[in-house]
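As a plain string of letters, each chain reads:
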Amino acid sequence: MGISKNTLKLAIEKIAEKIDPIGDEMNRLDGQLGDGDLGVTLVNGFRNLQGIKDDLPDDLGRALFAMAKSVTAVSGSSFGTLLATALMAAGKQVKDQSNVAWSELPGMLQAAQDAMVARGGASLGDKTMLDMMDSLISALSGLQTPAEMLPAAKTAAEQTLDSFRDQPNKIGRARVYAEKSIGLDDPGMMAIARMIDCFETP
Amino acid sequence: MGISKNTLKLAIEKIAEKIDPIGDEMNRLDGQLGDGDLGVTLVNGFRNLQGIKDDLPDDLGRALFAMAKSVTAVSGSSFGTLLATALMAAGKQVKDQSNVAWSELPGMLQAAQDAMVARGGASLGDKTMLDMMDSLISALSGLQTPAEMLPAAKTAAEQTLDSFRDQPNKIGRARVYAEKSIGLDDPGMMAIARMIDCFETP
Amino acid sequence: MKKLINTPENYVDEVLAGMQAAHPETYRIGGATGRMLHRPAPVPEKVGVVSGGGFGHIPVFAGYVGDGLLDACAVGDVFASPDMNPMLESIQFADQGRGVLCVVGNYGGDRMNFDMACEMAEMDDIEARKVIVADDVAAAGPDEAEKRRGVAGFVFVTKIAGAAAAQGKTLDDVVAVTQRAADNVRSVGVALSSCTVPQAGKPTFEIADDEMEIGMGIHGEPGVRRGKLRPVDEITDEMIDMLLADKPVEAGGRIAVLINGLGATPIEELYLVFRQAKARLESAGAVIAMHLVGNYATSMEMAGASISVLHLDEELETLLTAPANCPFWKV
Amino acid sequence: MKKLINTPENYVDEVLAGMQAAHPETYRIGGATGRMLHRPAPVPEKVGVVSGGGFGHIPVFAGYVGDGLLDACAVGDVFASPDMNPMLESIQFADQGRGVLCVVGNYGGDRMNFDMACEMAEMDDIEARKVIVADDVAAAGPDEAEKRRGVAGFVFVTKIAGAAAAQGKTLDDVVAVTQRAADNVRSVGVALSSCTVPQAGKPTFEIADDEMEIGMGIHGEPGVRRGKLRPVDEITDEMIDMLLADKPVEAGGRIAVLINGLGATPIEELYLVFRQAKARLESAGAVIAMHLVGNYATSMEMAGASISVLHLDEELETLLTAPANCPFWKV
Ligand SMILES: Nc1ncnc2c1ncn2[C@@H]1O[C@H](COP(=O)(O)OP(=O)(O)O)[C@@H](O)[C@H]1O
Ligand SMILES: Nc1ncnc2c1ncn2[C@@H]1O[C@H](COP(=O)(O)OP(=O)(O)O)[C@@H](O)[C@H]1O
Ligand SMILES: [Mg+2]
Ligand SMILES: [Mg+2]
Ligand SMILES: [Mg+2]
Ligand SMILES: [Mg+2]
C-alpha cells in the first residue's frame, strides 16, 4: 500500500490531534523573532484541513490541491502561503494518480521545495523551513516504507535543528533580529519537526 | 425740465465726486456698530455707477434698473441690496417715460420705501435708512422744483438724525449693539444725509 | 489650512476654469464677471431652468448644469450668494420665450438676489419664477418649515425641474411639479469634521475628535444634537427617525433616497449608511424606487453624510427617472 | 478614529453588502466566504477579466466590476491581500472556456496569491494569466520599474483589459494589449493627510498640518519628498515633471489623463490639479485624448491626489473609449 487519499486523511488527523499545544509553542517561538502568529496559522490551517479531510477526491493531485486551498483560506502568513505552495507542487507531481509508492515521497518533497524557493525567494542556508525540507529529502531518499521513513525523518529533523540553532536567520521577518536569532530554533523548522513527531505511535 | 437720464447722470457725478471721504467716514461709523463695510459699499457702488452713467438708456425706468444692476454687482451688504431694491422700485414707477415731473419724486421714493420694507423686513422706527426715507418723502411732498426740494431735504435729514440719535437700533447688524447705538447716528441714515449734501453748490 | 489651491482670491474662478476645461461639452463660463456656468447653447422651445448659490458645494449648484437639468447657474464666492447679476444673466441665457424657473436654496442672500434678478428679468419681458428648496428638517420644526435651509434635496428638486422643462411643459406646470418636489423632500445630515473657507483660512467650526453633530448645516450651521460618535447604524437610525417623524411614509409609499457624502467621507462609509437606511425605510413600508449613493452636495472637505428622501407620486417618479446628463450624474 | 462604521471586524463585509444593495444590477456577492464581487452572470464567449486586492480603495478594485470592465473581483481585508480562494473563485466565475486575465497590482501578497490561484485554475483546465500593474514612478527608478507599486493606473489598465475582452479577442491578444497598457501608464500621487485602517484604529502615518508628501503610496508608503505644502500649480508641476521625466511625451503624442482624488479631497481641488496638468501636458506637446477627474482609486479618508498618464496608441485609444459601465464610471 502506497500513499493515497487515506494517507493524507490520516496525516491530517494525527497532526490535528496535537496541533493546539504545538500552536501555543510556535506562537511563543515566532513571537521571539517575528510576529508570533505561526501557531495561529497552524491551528487554523489544520482546523480547515479537518473540515475537508473526509471529502478528499481520489485523485491524489486534486486531493493535495484541495488541501492547499483550505490552508490558504487562513491566509496572511508566510508559512501558510509556503505550505500551500508546497502542497500544490506536490499535487502536480502526482496528478491523475490515486496511489503512489512511498518511494516517490522524496521526489514530491523535492518538487515542493523547488516551488517554495521560487515563490519565497529564500535560499538553502537561510535558516528556514527550506533547510528542514532539504534534510528530509536527503534522509528519505531511497527508503521504501513509512516504517523506515519515520525514524529517519525524526533523526534528520533533530540534527537539522541542532546544526542551525547557532546560526542567524537570513530571511523573512526574523532577519531583522538576525543577531537575536542566534541560539534560537527557527519557528518554521521547528513546526515541521513537531509535525513529524505527531506520527509516533503513542 | 423734469427728471431725465441726465438728472441721474448728474446725481451720480455729484455724489461720486465726494464719495471717497464719505466712504471713510461711513466705514468708521459702521465699524462702531456693525462690520465697518458701508463705506466700501458706497465707494464701490458709485465707482460702478460712474462706469455706466454715460450709457444710461433714455427710458427712465430702464435707466434706474441699469443703476440697480451696477450697484448690486458690488454685492454682499444690506445697504447695497436695499439701494438696488429702491432703484428698481422707483424704476418700475416710471417705466417707459423719459422725463417725469419733479413733483413725482416723492411718489418714486414711496415706491422705493415700500419695496425696501418688503425686502428687508424692517419697520419704521427701527432707526434705519427707512426712517430717513420717510422724512424725505414727507418733506418733499407737494414741492415742484429741485430748488425748493434741496433745502427741504437737508433740513429733514438733519432733523431725522437728531431725533433718532438717542434711540437704539432695532434691526440689522447694529441691533446686537442696541445699547451702544444710543447716542450714535445710524450709518445708513447718515449716508443718505451725506449724499444729499453733495448737491449743494460749492 | 490644508488645501490643494493657489490663492483664496482666485479659488472659485480657477475651479470654474478647471470644470470648463474638463467638461467643455457641458460647461461654459459666461457672464460679465465670469460667474455664470451655462450649457454651450440654450435649448430652444423649452422653459429655462436655472439656479445659483454660494460656492464650495460641487456638484451643487453649478455642477448640475447639463441635459435635463440646469441650463445655467450663477456662482457666488465660497458659501456666499452670488450677486443678482449672474443670476439675471443665467435667466437671460436660459430664456427661450417660455419663461424661466429658478431653483433656489433657502438662504437669505440667494432668495433676495434671485428676487431682484426676477424683477429685472421682468423688465426684459422674461417671466422668471422661483421655487425655494427648504428641505433640512434639522433647521426648524414643521410649523416653521419655511425657515429650513436648503441642502441636498436640491438635487432631486433640480432633477424634477429639468425633466419637466425637457418634456416641454409650460412654466406654470414646471413650477407646479417642481414645487411639489420641494414640498415632498426632506433631508438631514451629520457632520464629523469642519471645512475651511479659503478666505477665512481656518476651520469654520470646532468639533472634538470623538464628536459628531446631527443636523448640522452645509456651512456648519448648528444642528439638533452634538454628541459622541456612535456606530453608523445608530446614527443612520437617528437620521431616518427624524425624516420619518417629519413626514411618515405610507405602506407601499414610493420614495427616492439620496445618501450624500459631504466631501471628505469615503464612499465605503456612504454604502454603510445606505445599507442601514434601506433596511429601515423598507421596514417602515417604503418602496425605494430610486436611490443615489455618492458625493452629490458637498461642503468642501467637511466629513459626514446626509440622507434625503423624496416622497414620490407617479409624475415625480417619471420625471426623476427621465434621462439626464451632467458630469456628476447620468440617468 | 472618526469613521461612519459599525465595527472594524464587519467593516469590509458590511460595505460589500451596501454595494450590492445599492447596485444589484451590477454587483453580486459570491464565493464561500463572501469575498468575491461578481456580475450577476458571466458573459459568455469572451475571455474573463478579474482582479483582486486589499480593501479601502473603492472603486479600486471591486468597484470596477461591470460591463466592459471586470467580470469578478476578489476582496481582501483593508489594505491586505485576499487569500487565494476568492481569486480562484473569481477566475472560475469569469471563465467561459476562453481563459481568464487577472489584472493585479504590484504587491507581494496579491501577486503570490494570484500565482497560486492561476496554478489552481490550471488544475481545472482553466488558462489564467496575469498582468501586473506597477505604475507608481515614485516607488522606484526606471531601472527597477518592476518594483513600482500599483496605484491609480490600474483604472486605465483594467479598462483596456475589459474592452479587449468585450471585443472577443483571444486570451493571448487580451494579455498582449493589457500588458502594453501596463507598460505605458505612469502615476504619481501627493498625500496631505493619512487614512486610518479600522482594525488599527489610528492614522497610518503622521504628517504635519503644513506638510505634504509627494510620491506617497496609497497605503502610506514613503514617497520621494516630504515638504511644506505649496500652491497647487507648483505641486502639479512637480508631479508632471516626474511623470514626463520617466516617460516623455512626443509632440502630438496622444495620452489619457486621470486626476484622481484619494478620498477626502474636495472635487473642487481636483479641478485645480486638472487645470494645471492640462496646461503643462499640452505645452509639452501632448494631446489629451481622454481624461477623468474624480475619485477613481482612493485610500479611504486620505486627502491628496494622484495624476496618471497613459500613453496611447491607436488600439489603446479605441479600447479606452469603448463603452463600459459600472456605478463609478460610465463610458
Ligand atoms: N521566504 C521564505 N522562504 C522560506 N521559508 C520562509 C520564508 N519566510 C519565512 N519562512 C518560514 O516561515 C516561518 C515564519 O512563518 P510565519 O510566522 O507564518 O511568517 P510571517 O508571520 O513572517 O509571515 C519562518 O520561521 C521560516 O521558517
Ligand atoms: N433690514 C433693513 N432695512 C432697512 N435698512 C437696513 C436694514 N438692515 C440694514 N439697514 C441699513 O443699512 C445700514 C448698514 O448697511 P451695511 O453696512 O451695508 O449693512 P451690513 O454690513 O450689516 O450688511 C444700516 O445702518 C441701516 O441703515
Ligand atoms: Mg510570524
Ligand atoms: Mg505574520
Ligand atoms: Mg456694514
Ligand atoms: Mg456687511
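Refer to the structure printed above.
Predicted, not measured: the structure shown is a model, and the values here were computed from it.

*Asks:* How should I be thinking about the interface of chain C and chain D in this particular structure?
*Replies:* How big an interface is tends to be reported as the loss of accessible area on association of its parts. In this complex, chain C contributes 53 residues to the contact, which on the side of chain D involves 52 residues. For the pair chain C and chain D, the two sides together bury roughly 4200 Å², of which 62% comes from carbon and sulfur. Linking chain C with chain D are 2 salt bridges. Measuring nitrogen to oxygen at the nearest pair gives 3.7 Å for the salt bridge that ties Arg 275 of chain C to Glu 14 of chain D. Linking chain C with chain D are 22 residue pairs in polar contact (both at pLDDT 80 or more), by the criterion used here. Within the residue set of the side of chain C that touches chain D, elements represented by two or more residues are helix H1 (11-22), helix H6 (232-246), helix H7 (267-283), strand E11 (287-294) and strand E12 (304-311) of chain C. Tallying contributions element by element places H7 of chain C first for the side of chain C that touches chain D, with 9 residues. Its residues placed into classes, the side of chain C that touches chain D shows 29 nonpolar, 11 polar and 13 charged.

*Asks:* I keep staring at the coordination of the magnesium ion (ligand 4) and nothing clicks. Help me out?
*Replies:* Ideal geometry at a metal gives 109.5 degrees between four tetrahedral donors and either 90 or 180 degrees between six octahedral ones. For the magnesium ion (ligand 4), every protein donor is listed as Asp 35 of chain A (OD) and Asp 37 of chain A (OD), and the spread of their distances is 2.0 to 2.2 Å. Here the magnesium ion (ligand 4) and the magnesium ion (ligand 3) are spaced 3.7 Å apart, with Asp 35 of chain A acting as a shared donor.

*Asks:* How should I be thinking about helix H6 (residues 129-140) of chain A in this particular structure?
*Replies:* An α-helical segment advances 3.6 residues per turn. Residues three or four places apart therefore align on the same side. All names here are of chain A. Between its first and last C-alpha atoms H6 spans 16 Å; for 12 residues at 1.5 Å apiece the expected length is 16 Å, and the two agree. Those residues of H6 that sit buried are Met 129, Leu 130, Asp 131, Met 132, Met 133, Leu 136, Ile 137 and Leu 140. Looking at the buried side of H6, the elements it contacts are helix H4 (78-93), helix H5 (105-120), helix H7 (146-165) and helix H9 (187-197). Just downstream of H6, Gly 142 is the residue with a positive phi angle, here 90 degrees.

*Asks:* What is the right way to read the packing of aromatic side chains from this model?
*Replies:* To describe a pair of aromatic rings, you give the distance between the ring centres and the angle between the ring planes. Residues and elements named next belong to chain D. Under the counting rule described, the total for this entry stands at 8 aromatic pairs over all chains. Ring plane angle 80 degrees and centroid distance 5.9 Å describe the contact between Tyr 11 and Phe 55, whose orientation is recorded as edge-to-face. Linking Tyr 11 in helix H1 (residues 11-22) with Phe 55 in strand E3 (residues 48-55), this pair joins segments that are 44 residues apart in sequence.

*Asks:* How do you make sense of the environment of Val 12 of chain C when you look at a structure like this?
*Replies:* Residue and element names in this part refer to chain C. Structurally, the position occupied by Val 12 is in helix H1. By relative accessible area, Val 12 is classed as buried at 4%. Taking the C-alpha atoms as reference, Val 12 lies 40 Å from Ala 279; in sequence the two are 267 residues apart. Not counting chain neighbours up to four residues away, the residues in contact with Val 12 comprise Arg 35, Phe 55, Val 75, Gly 76, Asp 77 and Val 78.

*Asks:* Quick question: what am I supposed to make of the sheet that holds strand E1 (residues 28-30) of chain D here?
*Replies:* Working definition: the strands of a sheet are paired by backbone hydrogen bonds and lie parallel or antiparallel to each other. All names here are of chain D. If you trace the 6 strands from one edge of the open sheet to the other, you get E1-E2-E4-E3-E5-E6, paired in mixed fashion. Among the strands making up the open sheet, the edge pair consists of E1 and strand E6 (128-133). When strand polarity is set aside, the average angle formed by the axes of neighbouring strands in this sheet is 25 degrees. One ladder, built from 4 bridges, connects E3 with strand E5 (residues 100-105); its direction is parallel. From the neighbouring strand, Val 50 faces E5, where its bridge partner is Cys 102. Sitting on the sheet, H1 touches E1, strand E2 (36-38), E3 and strand E4 (72-78), and the angle it makes with E4 is about 145 degrees. Set on the sheet, helix H4 (residues 153-166) makes contact with E3, E5 and E6; between it and E5 the angle comes to about 175 degrees.

*Asks:* What should I look at first to understand the packing of H7 of chain A against H9 of chain A in this one?
*Replies:* Residues and elements named next belong to chain A. The contact between H7 and H9 brings their axes to 10 Å, and the two run at 155 degrees. Taken together, the axis directions place H7 and H9 in an arrangement best described as roughly antiparallel. In this structure, H7 crosses over H9, and the sense of that crossing is left-handed. Of the residues in H9, those in contact with Leu 150, Ala 153, Lys 154, Ala 157, Thr 160, Leu 161 and Phe 164 of H7 are Met 189, Met 190, Ala 193, Ile 196 and Asp 197.

*Asks:* Explain the packing of helix H2 (residues 38-52) of chain B against helix H9 (residues 187-197) of chain B here, please?
*Replies:* Helix packing geometry: the angle between the two helix axes and the distance between the axes. Residues and elements named next belong to chain B. The contact between H2 and H9 brings their axes to 11 Å, and the two run at 40 degrees. With respect to their mutual orientation, H2 and H9 come out oblique. The two elements H2 and H9 cross, and the hand of that crossing is right-handed. On H9, the residues that touch Leu 38, Leu 42 and Phe 46 of H2 are Pro 187, Gly 188, Ala 191 and Met 195. Broken down by class, the residue content of the contact of H2 with H9 amounts to 6 nonpolar, 1 polar and no charged.

*Asks:* Can you walk me through the coordination of the magnesium ion (ligand 5) in this structure?
*Replies:* Each protein donor to the magnesium ion (ligand 5) is listed here as Asp 30 of chain B (OD), Asp 35 of chain B (OD) and Asp 37 of chain B (OD); together their distances run 2.1 to 2.2 Å. Expressed as a motif, the donor residue spacing for the magnesium ion (ligand 5) is D-x4-D-x1-D.

The rules behind these values
Residues numbered from 1 in each chain as written. Chains lettered and ligands numbered in written order. Predicted model: local features only at pLDDT ≥ 70, side-chain atom pairs only at ≥ 80, totals over all residues. Heavy atoms only, no water. Contact = heavy atoms within 4.5 Å. Buried area = accessible area lost by both parts, 1.4 Å probe. Salt bridge = Lys/Arg side-chain N within 4 Å of Asp/Glu carboxyl O. Polar contact = N/O pair within 3.5 Å; in protein donor to acceptor, adjacent residues only side chain to side chain. Helix = DSSP H or I, 4+ residues; strand = E, 2+ residues; numbered from the N terminus. Nonpolar A, V, L, I, M, F, W, Y, C, P; charged D, E, K, R; others polar. Donors = N, O, S within 2.8 Å, 3.2 Å for Na, K, Ca; no water. Expected span 1.5 Å × (residues − 1). Buried < 20%, exposed > 50% of the residue type's maximum accessible area, 1.4 Å probe, protein only. Phe/Tyr/Trp six-rings, centres within 6.5 Å; stacked < 30°, edge-to-face > 60°. Pairing = 2+ DSSP bridges. Axes fitted to C-alpha atoms, helices over the stretch in contact; angles between N-to-C directions. Parallel < 35°, antiparallel > 145°, perpendicular 65-115°, else oblique. Left-handed = near helix turned anticlockwise from the far one by under 90°.

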